[in-house]
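Summary of the model geometry
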Amino acid sequence: QDDAAGPTLTVAAVDAAGWLGAALKDRQVVLMSATLGRHEEGLDELQRACRRFGFHDVHPITVSPAQFGAMAFRLSARSVPPPMEAGGMPNPRFFDAAAQMVQDAARTGRTLILCASYADVDELAARLPPTALLHRRGDRLSLLVERFKASPQAVLATPGAWAGLDLPGLVDNVVILRLPLGRPDPLREAVLAAALERRGLTEADARNILAAEARGDAMRRLTQGMGRGVRTPDDRCTIWIADPRFPLPSSLVADLRRGLTQGAARGWEDLARAIPLRFRQPAGRSPYDRARLFEPAIAVTA
């Protein structure tokens, strides 16, 4: 709007959940999702998610199939360096190790690489064979997916397939390159801090709330990403996680003969809950507990 002092710009966040809630107001609704509410913070997990839609009278029912698909896990050895260097730049030694992991995975069938950004695809580009399908900014993912489907040994690297890609029986390996942690948003932090300050809270409270949201979002995306490999009851898929911040199962850490620690994953142990429950239980004998370590064929540490 214009006034004597000059133009004024009002910025508002648009949330599609509000539109959906308004459209379904005063109706009884059944919401079904594999991930909705699983990783929300707080004791009322599904209730918190549903409140975003405007639903407050919520009756959660949890249904978890005992058998649906099969997963195996390969996790990076703790010697693999973190994805980013101290200054926020990509760590070339991490991407060297990740490219080795991709090549190992590709020997066993179609391999989908889930990247956290287009920059990750660029980092991998020079390290992968020229036949690899690389989803660059501006490319149509659907065209690359058609080529991926056509070859039983295809490799596709993309930041755009964490959710929504449905290829039953066609994905043998899912490589999660980097944990899908969102970048800090200074503007959102400042707006939230101002709102909380009016309620008597602090800027530190705002940072804690945003950190909790980011962690929940990352866990949700991890769950969705792993699900790209299991679309039917008969699907079998190996989940390869290149990021050494993903936690090892306690069965590996407790084995004193191995002398393993969580390393860079210390403090991130709760991310293991992103793995569907049927692949984390029974404790000690689950596919996650039987995860194998990926050791790079060449040294990548300094």
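In what follows, the structure referred to is the one given above.
First things first, this report covers the structure right here in the doc.

Moving on: unusual backbone geometry. The omega torsion across Gln281 and Pro282 is 0°, close enough to zero to call that bond cis. Inspection of the secondary structure assignment puts Pro282 in the loop between α8 (250-253) and β9 (292-294).

Counted according to the given criterion, the structure contains 10 salt bridges. The partner of Asp104 in a salt bridge is Arg107, and the shortest N-O contact between them spans 2.4 Å. Given a relative accessible area of 61%, Arg107 falls into the exposed group. Between Arg245 and Asp243 there is a salt bridge whose closest N-O contact spans 2.7 Å.

Let's shift gears to helix α5 (residues 141-150). Looking at α5, one finds that the buried residues are Leu141, Leu144, Val145 and Phe148. Around the axis of α5, the buried residues are gathered within 105° of arc, so they sit on the same side. Opposite the packed face of α5, turned more than 90 degrees from it, sit the exposed residues Leu143, Arg147 and Ala150. Here the buried face of α5 lies against β4 (111-114), β5 (133-134) and β6 (155-158).

What follows covers helix α4 (residues 118-125). Of the positions making up α4, those classed as buried are Asp120, Val121 and Leu124. Summarising the axial view, the buried residues of α4 lie within an arc of 100°, below the 170-degree limit, and thus occupy one face. A side-chain oxygen of the first residue of α4 lies 3.3 Å from the backbone nitrogen of Ala119; this N-cap is Ser117.

Now for the pairing of strand β8 (residues 236-241). Among the 6 residues of β8, 5 are classified as buried, and the element is accordingly described as predominantly covered. Of the pairings in the sheet, the one linking strand β3 (residues 70-76) to β8 comprises 6 bridges and is parallel in character. Each bridged residue has a counterpart across the sheet, and for Ala70 the counterpart in β8 is Arg236. Note: strand β7 (residues 173-176) against β8, 4 bridges, orientation parallel. Across the sheet, Val174 pairs through a bridge with Ile239, a residue of β8.

Spatially, the 7 strands line up as an open sheet ordered β5-β6-β4-β7-β8-β3-β9, and their pairing is parallel. Taken across any chain shown, the strands that pair with only one partner, and hence form the sheet edges, are β5 and β9. Two strands pair when backbone bridges link them, and β4 and β6 are joined in this way by 4 bridges, in the parallel orientation. Each bridged residue has a counterpart across the sheet, and for Thr111 the counterpart in β6 is Val155.

To continue, consider the packing of aromatic side chains. What the rule picks out here adds up to 2 aromatic pairs. Taking the centre distance of 6.2 Å and the plane angle of 80° together, the rings of Phe73 and Tyr288 count as edge-to-face. Of this pair, Phe73 sits in strand β3 while Tyr288 sits in the loop between α8 and β9, and the two are 215 residues apart along the sequence. Tyr288 matches Phe73 in its accessibility class, with the two residues each being buried. An angle of 80° between the planes, with centres 5.1 Å apart, marks the rings of Phe94 and Phe95 as edge-to-face. Given the relative accessible area of 0%, Phe94 is considered buried. Given a relative accessible area of 0%, Phe95 falls into the buried group.

Residue alternation in β7 divides its side chains into two sets, Asn173 and Val175 and Val174 and Ile176, and both sets are buried. Relative to β7, β4 is paired through 4 bridges, and the arrangement is parallel. Residue pairing across strands places Thr111 opposite Asn173, the latter belonging to β7.

In this section: the nonpolar core. Grouped together as the largest cluster of nonpolar side chains are 39 residues, with contacts concentrated most on Phe73, Ile176, Met226, Ile239 and Phe246. Elements that contribute at least two residues to this core include exactly β3, β4, α5, β7, α7 (203-226) and β8. For this core, the element with the highest residue contribution is α5, accounting for 4 residues. Among residues more than four places away in sequence, those in contact with Phe73 are Met226, Ile239, Ile275, Phe279, Pro287, Tyr288, Ala291 and Arg292. One finds Leu128, Ala132, Ala157 and Ala242 within the second-largest nonpolar core, a separate group that totals 24 residues.

About the criteria used
Residues numbered from 1 in each chain as written. Predicted model: local features only at pLDDT ≥ 70, side-chain atom pairs only at ≥ 80, totals over all residues. Heavy atoms only, no water. Helix = DSSP H or I, 4+ residues; strand = E, 2+ residues; numbered from the N terminus. Salt bridge = Lys/Arg side-chain N within 4 Å of Asp/Glu carboxyl O. Buried < 20%, exposed > 50% of the residue type's maximum accessible area, 1.4 Å probe, protein only. Arc of directions from axis to C-beta. Contact = heavy atoms within 4.5 Å. Polar contact = N/O pair within 3.5 Å; in protein donor to acceptor, adjacent residues only side chain to side chain. Pairing = 2+ DSSP bridges. Phe/Tyr/Trp six-rings, centres within 6.5 Å; stacked < 30°, edge-to-face > 60°. Core = buried A, V, L, I, M, F, W, Y, C linked by side-chain atoms within 4.5 Å.

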